[in-house]
Amino acid sequence: MLAVMAALIAAGLSGAGTAAALDLRDLPKTPGPVPCPSKGPGFVRLPGSGGCIRISGRVTAGADLGAGHGVAAAAPAVAGRLAIDNRADTDLGEVRTYLRIGTGRR
C-alpha cells in the first residue's frame, strides 16, 4: 500500500499528466464601449438598448484650519460625489434619468 502511494506522489510531482496552457488569443473578444456623440461628451451606449449613459464623479480632500474656533487645530475636510446620467430616445422625445449622490463636507 505504501509503495502505491509513493508511486502516485512521484507521478504527480514528475508531471505525468498533461497540462493545458491558456492562450489569451483564443478567448472571445468583447467590443469596447461605443460612444454616443449625439448626447454629449462622455456618454457611451448601453449594450442591447438605445440608451446612453455617463458616469462621473469627484473626490476632494483638504484641511479645515479654523476647526478649533480660536485654537490652533486642523480637521480633515473630505467630500465626494457620484453622478449617473442616463438618456434614451423615445417616441415622445428624449427621456433623461439623473442621479447624484454626495457625501462629506467641504
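Structure's up top.
Residues numbered from 1 in each chain as written. Predicted model: local features only at pLDDT ≥ 70, side-chain atom pairs only at ≥ 80, totals over all residues. Heavy atoms only, no water.

Caption draft 1: Just the overall build of the protein chain, in detail. When helices and strands are tallied, the protein chain shows 1 helix and 4 strands. For the protein chain, the α and β elements follow one another from N to C terminus as α-β-β-β-β. A total of 106 residues make up the protein chain; the buried ones form 12% of that total. Excluding contacts between residues fewer than 6 apart, the proportion of contacts in the protein chain whose partners are at least 24 apart in sequence is 34%. On the protein chain, roughly 8700 Å² of surface is accessible, and the fraction owed to carbon and sulfur atoms is 64%. (Helix = DSSP H or I, 4+ residues; strand = E, 2+ residues; numbered from the N terminus. Buried < 20%, exposed > 50% of the residue type's maximum accessible area, 1.4 Å probe, protein only. Contact = heavy atoms within 4.5 Å. Areas by Shrake-Rupley, 256 points an atom, 1.4 Å probe, with all protein chains shown as cover.)

Caption draft 2: Structural detail: the side chain of Asp 85. In this structure, Asp 85 sits in strand E3 (residues 75-90). A polar contact is formed between the side chain of Asp 85 and the side chain of Arg 96, at a distance of 3.1 Å. (Polar contact = N/O pair within 3.5 Å; in protein donor to acceptor, adjacent residues only side chain to side chain.)

Caption draft 3: Just the sheet that holds strand E4 (residues 93-104), in detail. With antiparallel pairing, the 4 strands of this open sheet are ordered in space as E1-E2-E3-E4. The open sheet has two free edges, formed respectively by strand E1 (44-45) and E4, since each of these has just one partner strand. Bridge count between E3 and E4: 12 bridges; the pairing is antiparallel. What sits directly across from Arg 87, in E4, is Arg 96. (Pairing = 2+ DSSP bridges.)

Caption draft 4: Up close: the environment of Ser 38. Among the secondary structure elements, Ser 38 is positioned in the loop between helix H1 (2-14) and E1. It is 9.6 Å that separates the C-alpha atoms of Ser 38 and Cys 52, two residues lying 14 residues apart in sequence.

Caption draft 5: Just the pattern of salt bridges, in detail. Counted by the stated rule, this structure contains 5 salt bridges. Its salt-bridge partner being Arg 54, residue Asp 85 comes within 3.7 Å of it at the nearest N-O pair. Of the two residues, Asp 85 is situated in strand E3 and Arg 54 in strand E2 (residues 52-64); the sequence distance between them amounts to 31 residues. Note on Asp 85: relative accessible area 1%, which makes it buried. Note that Asp 85 and Arg 87 form a salt bridge whose closest N and O atoms lie 3.0 Å from each other. (Salt bridge = Lys/Arg side-chain N within 4 Å of Asp/Glu carboxyl O.)

Caption draft 6: Seen up close, the pairing of E3. Relative to E3, E2 runs antiparallel, the two sharing 13 bridges. Counterpart to Val 59 in the pairing with E3 is Gly 80.

Caption draft 7: Geometry of the side chain of Arg 87. Inspection of the secondary structure assignment puts Arg 87 in strand E3. You can call Arg 87 buried: its relative accessible area is 15%. Here Lys 39 takes part through its backbone oxygen, which lies 3.2 Å from a polar atom of the side chain of Arg 87. Within the local environment of Arg 87, its side chain forms a polar contact with the side chain of Asp 85, the two groups lying 3.0 Å apart. Sequence-distant contacts of Arg 87, that is, excluding residues within four places in its chain, are made with Lys 39, Phe 43, Gly 51, Cys 52, Glu 94, Val 95 and Arg 96.

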